[in-house]
Amino acid sequence: MLITLTNINKLFNQGKHDEFHAIRDISLQIEAGKVTCLKGSSGSGKTTLLSMIGCLSRPTSGRVTLEDEILSGLPERFLTDIRRHTFGFIFQKFNLIQGLSVLENVMLPAYPLGLNHKELKSSAQKLISHFGLDRVLHNPVEWLSGGESQRVAICRALINDPRILIADEPTANLDSWLSQEFMGLIDELRQSGKTILITSHDPVVFDSPIVDRIVEMQDGQVVQN
Amino acid sequence: MRNSSLFLLFLVAGLLFILMTVMDAVSQQDMARESLKRRATLVSELGLSDLALSTEARYTRHLSLADRHSAFQDHPTSFDHFPSGSIFLPPLHLAND
Amino acid sequence: MIEFIRKQAYLVDFTLSSLLRRKGKNFGLLFVYTLIVFMLASVMLFTHSLKKEAGIILQQSPEIIVQRLVAGRHALIPADYIEKMGRLRGVTSKKARLWGYFYNPVVKANYTVMAPDHLVLTTTEVIIGAGIARTIGLDIGDYFTLRANNDTFSFQVKDILDKHSELVSTDLVLISQKAFRVITGIPEGQFTDIVLSVRNPREVRKVAEKLVQKLPDVRPVLREEILRTYDSIFSWRQGIVFVLLVGALMAFVIFAWDKAPGLSAEEKREIGILKAIGWESGDILRMKFWEGIIISLSAFMLGYLAAYLHVFYSSAVLFEPVLKGWATLYPQFRLVPFIDGLQIATLFFFTIFPYVVATIIPIWKASVTDPDAIMR
């Protein structure tokens, strides 16, 4: 098992009058090399769960294990380090940095690693051309179309060569044709051995034959696995 | 060219120029020795006591010879109406005693 | 080590790219900051060099100048005061001087007219300062007129004082004693002041004390007082330096005030993105540190270099109107560049340090926000 969640709970605003129990006692295992889809309506807690898997936030109680390493108790420095090398993120709104070029946006996650500049640049360029973005390499990202932005976001997620790719509602801002295309890219990544986790309530995603496993969530709980 | 290389270049150029100002200052001090001597000779020959930076008022033209009242010209409460009067400190020996 | 340097280079890459996104704002900021450094550095370089130069050349001023005061004003001193002084131990010579001011309403210029006794001048000869020659366009052999007592007195320019000495002599008019008395109407036996030479500098103070005891209506001005006056001529507490400092401080307060309320939503979002894609809080603080360094260091270097050129290669042209005031005569002089390392280091510190701190502080809180904020 690549990732194991044991009795995960997440409370927001704990102890205050607007306390909110976002995740209730979830235990889940995610296998390596598979595409797993967290399905559910908005507010079902899938994004929160995803962010805890990706070490972007910590569970209030419970344990997150990556292979044999318990992540939930590690200090931020270590978490960041693990996150950089293990996870690549694709966000719903792409979250590219406006004003910077495509190339710079793709290279950004590798900056704190202090790699050789030539090598980093050439691997970024390789990724970018692989995803057919050569033409816009030096364009600022706000000039790009939705589909192109999505592909830049994928490149950025892959620049540190992570084992696990996490995508939060990746097709929410794409039309169905582009969504199909996105699933094609996901398939390609799965074949190259990446583990992929997607949250979505888009049938193009969860009805896709590429998805190996669907976990359906509702009100912070897993209702169907 | 990378941004950081450009910045480094700018930094090095700036430091170089700053270093050049120091070298320039030293060489100019060297070259000025003669003219400083000439100025000093003129001062000693004529018994000059001040720099001729401001010629508008006698208490700023001959700052060190000013007396306590010269800034007020003709009346103890009149305003100092020369701009240079607001720039120079009065002579210290007047301020101190 | 190499990794550390590479990492900083990447941070600088990012910082510069992100600064260049708002070219207008950031270049404006840099320009204003450079201007402040330029002004302060100009004042520092100018006043320090001027002080140094005054200290060197005024070392040759008379040891003691004796003035007579009447009703608080500098008055003429009778020649017999020299006898009245009697023998003063250590005084090697006593010399009565004639000098005064002269206003020329045509060119609206104030001259300092002197009648030195070591120069041989006929009653119709004059030696003028280079500033006067330049302002009214006179050359050797031309005629120079002084109008007084409803009379016009013409002198032939015998010589023009060395133009390298304008800093002390730009407005000087040297004529014979006889001519001086005719023009000013100062009667024989009266002088402007008396100059004493004292051989041993340690005796000067004692001589001055004795002098005041013997002649209570005189005021001795000592060379050390002249030197001290010029050493503190532009004190930080007063005048132009103070005005500039207050201006600089105000500008800085405005910077800080602009930044203090915190970050814009966009900036916060960007920090969130950076954290989500794997930057640590420390990386974000380091990036902001570089932002502060880039702006403030550039401002320091550009401001200082511009100030150096301004003060020593354009004769501090911006200070001219300030020092000139309402006068029309102003010396043309090239200051000898004396640089005070400590002063420049102080300026360096006060340019860089507060700015960097002001850049980092507001980011502090934002940099420790949860990286998942961007997903919510």
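This section reports on the structure supplied with the text. Owing to the predicted nature of the structure, the values given are computational and were not obtained by experimental measurement.

1. Thoughts on the overall build of chain B
Next up, step 1: When helices and strands are tallied, chain B shows four helices and zero strands.
Next up, step 2: Looking at chain B as a whole, 49% of its 97 residues qualify as buried.
Next up, step 3: By sequence separation, contacts in chain B at least 24 residues apart represent 44% of the contacts at least 6 residues apart.
Next up, step 4: Summing over all exposed atoms, chain B offers an accessible surface of approximately 5000 Å²; the carbon and sulfur share of this is 67%.

2. Describing the overall build of chain A
Next up, step 1: For chain A, the helix and strand inventory stands at seven helices and ten strands.
Next up, step 2: For chain A, the C-alpha radius of gyration of 18 Å lies close to 17 Å, the compact-globule estimate for 225 residues.
Next up, step 3: Considering only C-alpha atoms, chain A reaches an extent of 50 × 40 × 35 Å along its principal axes.
Next up, step 4: Out of the 225 residues belonging to chain A, those deemed buried represent 58%.
Next up, step 5: Considering only residue pairs separated by 6 or more positions, chain A has 69% of its internal contacts joining residues 24 or more positions apart.
Next up, step 6: Carbon and sulfur atoms provide 47% of the accessible area of chain A, an area that totals close to 9700 Å².
Next up, step 7: Distance from the positive charge centre (22 side chains) to the negative charge centre (26 side chains) of chain A: 5 Å.

3. A word on the interface of chain B and chain C
One frequently used descriptor of interface size is the decrease in accessible area upon assembly of the parts.
Next up, step 1: Listed by partner, the interface residues are 61 residues for chain B and 80 residues for chain C.
Next up, step 2: It is B:Arg39, B:Leu51 and B:Leu53 that lose the most area in chain B upon contact with chain C, and together they represent 12% of the buried surface on that side.
Next up, step 3: Our count for the chain B to chain C interface comes out at four salt bridges.
Next up, step 4: Among the ionic pairs, B:Arg61 bridges to C:Asp171, the shortest N-O distance being 2.7 Å.
Next up, step 5: One can count 30 residue pairs in polar contact (both at pLDDT 80 or more) joining chain B with chain C.
Next up, step 6: Elements supplying a minimum of two residues to the side of chain B that touches chain C: helix H1 (3–31), helix H2 (33–46), helix H3 (58–61) and helix H4 (92–96) of chain B.
Next up, step 7: Here the side of chain B that touches chain C is composed, by residue class, of 29 nonpolar, 21 polar and eleven charged.

4. Side note on a nonpolar patch on the surface
Next up, step 1: On the surface, C:Phe349, C:Phe350, C:Phe353, C:Val357 and C:Ile361 cluster together to form a nonpolar patch covering roughly 500 Å² of accessible area.
Next up, step 2: Relative to the helices and strands, C:Val357 is located in helix H13 (residues 341–367).

5. With respect to the pattern of salt bridges
Next up, step 1: Applying the stated criterion across every chain, the model contains 29 salt bridges over all chains.
Next up, step 2: Put simply, A:Arg77 and C:Glu280 hold a salt bridge, and the shortest N to O gap is 3.5 Å. Of the two residues, A:Arg77 is situated in helix H2 (residues 76–86) and C:Glu280 in the loop between helix H10 (265–276) and helix H11 (281–313); the pairing between them involves two chains.
Next up, step 3: By relative accessible area, which is 10% here, C:Glu280 ends up buried.
Next up, step 4: Residues C:Arg97 and C:Asp193 are paired through a salt bridge, measuring 3.1 Å at the closest nitrogen-oxygen approach. With a gap of 96 residues between them, C:Arg97 in strand E4 (residues 91–97) and C:Asp193 in strand E12 (residues 193–198) connect regions that are remote in the sequence.
Next up, step 5: In this structure C:Arg97 comes out as buried when scored by relative accessible area, which is 10%.
Next up, step 6: Salt bridges sharing common partners tie together A:Arg77, A:Asp81, A:Arg84, C:Lys7, C:Glu280, C:Asp283 and C:Arg286.

6. Some points on unusual backbone geometry
Next up, step 1: Backbone geometry places A:Glu169, a non-glycine residue, at a positive phi of 45°.
Next up, step 2: Mapped onto the fold, A:Glu169 is located in the loop between strand E7 (164–168) and helix H6 (176–191).
Next up, step 3: Residue C:Ala316 is not a glycine yet carries a positive backbone phi of 50°.

7. Focus: the environment of C:Ser18
All names here are of chain C.
Next up, step 1: Among the secondary structure elements, Ser 18 is positioned in helix H1 (residues 2–20).
Next up, step 2: Given the relative accessible area of 9%, Ser 18 is considered buried.
Next up, step 3: C-alpha separation for the pair Ser 18 and Leu 335, spaced 317 residues apart in sequence, amounts to 42 Å.

8. Describing a positive patch on the surface
Next up, step 1: Taken together, the side chains of C:Arg87, C:Arg89, C:Lys206, C:Lys210 and C:Lys214 make up a positively charged region of the molecular surface.
Next up, step 2: With respect to the helices, strands and loops of the structure, C:Lys210 is situated in helix H7 (residues 204–214).

9. Details of the sheet that holds strand E8 (residues 143–148) of chain C
Residue and element names in this part refer to chain C.
Next up, step 1: Read from one edge to the other, the open sheet built from six strands follows the order E5-E6-E10-E7-E9-E8, with strand pairing classed as mixed. The open sheet has two edge strands, strand E5 (99–104) and E8, and neither has a second partner. Going from strand to strand, the sheet's axes swing by 40° on average, the running direction of each strand aside.
Next up, step 2: Taken together, the six bridges between E8 and strand E9 (residues 151–160) define a ladder with antiparallel strand orientation. Bridge pairing links Tyr 143 to Gln 156 in E9.
Next up, step 3: Packing of helix H6 (residues 177–184) onto the sheet brings it into contact with E5, strand E6 (109–114), E8 and E9, and relative to E9 it is tilted by some 150°.

10. Structural notes on the nonpolar core
Next up, step 1: Ranked by internal contacts, the top residues of the largest apolar core, which has 177 residues, are A:Leu49 and C:Trp279.
Next up, step 2: For this core, the element with the most residues is H11(C), which contributes 17 residues.
Next up, step 3: Excluding residues that lie within four positions of it along the chain, A:Leu49 makes contacts with A:Leu5, A:Ile23, A:Ile26, A:Leu28, A:Leu38 and A:Met217.
Next up, step 4: Core analysis: the next-biggest nonpolar cluster, separate from the first, contains 43 residues, C:Ala96, C:Leu146, C:Phe155 and C:Phe180 among them.

11. Quick look at the sheet that holds strand E3 (residues 35–39) of chain A
All names here are of chain A.
Next up, step 1: Spatially, six strands are ordered E6-E7-E8-E3-E9-E10 in an open sheet, and the strand pairing comes out mixed. The open sheet has two free edges, formed respectively by strand E6 (87–90) and strand E10 (221–224), since each of these has just one partner strand. Each strand of the sheet is rotated relative to its neighbour by a mean of 25°, with strand direction disregarded.
Next up, step 2: The sheet strands contacting H2 are E6 and E7, and the helix crosses E6 at an angle near 75°.
Next up, step 3: Contacting E3, E7 and strand E8 (195–200), H6 runs over the sheet at an angle of about 155° to E8.

12. Some thoughts on the packing of aromatic side chains
To describe a pair of aromatic rings, you give the distance between the ring centres and the angle between the ring planes.
Next up, step 1: Here the structure, examined in full by the defined rule, presents 18 aromatic pairs over all chains.
Next up, step 2: Here C:Tyr111 and C:Phe144 contribute two aromatic rings whose centre-to-centre distance is 5.6 Å and whose plane-to-plane angle is 50°, an arrangement assigned as tilted. Highlighted residues: C:Tyr111 in strand E6 and C:Phe144 in strand E8, separated in sequence by 33 residues. The two residues C:Tyr111 and C:Phe144 agree in class, both being buried.
Next up, step 3: Centre to centre, the rings of C:Tyr304 and C:Tyr308 are 6.4 Å apart; their planes meet at 45°, and the pair counts as tilted. Taken together, the residues C:Tyr304 and C:Tyr308, both in helix H11 and four residues apart, mark about one turn of the helix.
Next up, step 4: The class of C:Tyr304 is buried, set by a relative accessible area of 2%.
Next up, step 5: Judged by its relative accessible area of 2%, C:Tyr308 falls in the buried class.
Next up, step 6: Ring-pair connections join several aromatic residues into one group, and the members of that group are C:Phe300, C:Tyr304, C:Tyr308, C:Phe312, C:Tyr313 and C:Phe348.
Next up, step 7: Cation over ring: B:Arg2 sits above C:Tyr10, and NZ or CZ is 4.9 Å from the ring centre.

Analysis parameters
Each chain has its residues counted from 1, following the order in which its sequence is written. Numbering of ligands from 1 and lettering of chains from A proceed in the order in which they are written. Reporting of local features is limited, given that this is a predicted model, to residues whose pLDDT is at least 70; pairs of side-chain atoms are given and counted only at 80 or more, and all residues count toward the totals for whole chains, interfaces and linings. Only hydrogens and water are set aside; all other atoms, that is, all heavy atoms of the structure, feed into the side-chain values. Secondary structure elements follow DSSP: runs of H or I of four or more residues count as helices, runs of E of two or more count as strands, with numbering from the N terminus. Categorising residues by exposure relies on relative accessible area from a 1.4 Å probe, with only protein chains included: less than 20% of the type maximum marks a residue as buried, more than 50% marks it as exposed, and the intermediate range marks it as partly exposed. Every residue pair with non-hydrogen atoms within 4.5 Å of one another is taken to be in contact. For the accessible areas, the method is Shrake-Rupley and the probe is 1.4 Å, while residue cover comes only from the protein chains on display. Every radius of gyration here is taken over C-alpha atoms, with the globule rule written as 2.2 Å times N^0.38, N being the number of residues. Note that His is not counted, nor are the chain ends; the positive residues are Lys and Arg, and the negative ones are Asp and Glu. Charged side chains are reduced to one point each, which is NZ for Lys, CZ for Arg, CG for Asp and CD for Glu. Simply put, the buried area is the total loss of 1.4 Å probe accessible area from both parts when two parts are fitted together. A carboxyl oxygen of Asp or Glu within 4 Å of a side-chain nitrogen of Lys or Arg is what we treat as a salt bridge. N or O atoms closer than or at 3.5 Å make up a polar contact, with two conditions inside protein: a donor-capable atom paired with an acceptor-capable one, and, for residues adjacent in sequence, both atoms drawn from side chains. Under this grouping Gly is polar, as are all residues other than the nonpolar Ala, Val, Leu, Ile, Met, Phe, Trp, Tyr, Cys and Pro and the charged Asp, Glu, Lys and Arg. In this scheme, patches are assembled from residues that exceed 30% relative accessible area and form no salt bridge. Like charges are connected within 9 Å, while nonpolar side chains (Val, Leu, Ile, Met, Phe, Trp, Tyr) are connected within 5 Å. A pair of strands is labelled paired if DSSP reports no fewer than 2 bridges between them. Note on definitions: angles span 0 to 180 degrees between N-to-C directions of axes, and those axes are lines fitted to C-alpha atoms, for helices only across the stretch in contact. For the purposes of this section, nonpolar cores are sets of buried Ala, Val, Leu, Ile, Met, Phe, Trp, Tyr and Cys residues that join through side-chain atoms within 4.5 Å. Note on ring pairs: Phe, Tyr and Trp rings are taken, using the six-membered ring of Trp, and paired if centres are within 6.5 Å. Classes follow the plane angle, with under 30 degrees stacked, over 60 edge-to-face and the rest tilted. Either the NZ atom of lysine or the CZ atom of arginine qualifies as a charge over a ring when it sits within 6 Å of the ring centre and within 35 degrees of the ring normal.

Read these as layout, nothing more, since geometry by itself doesn't imply function.
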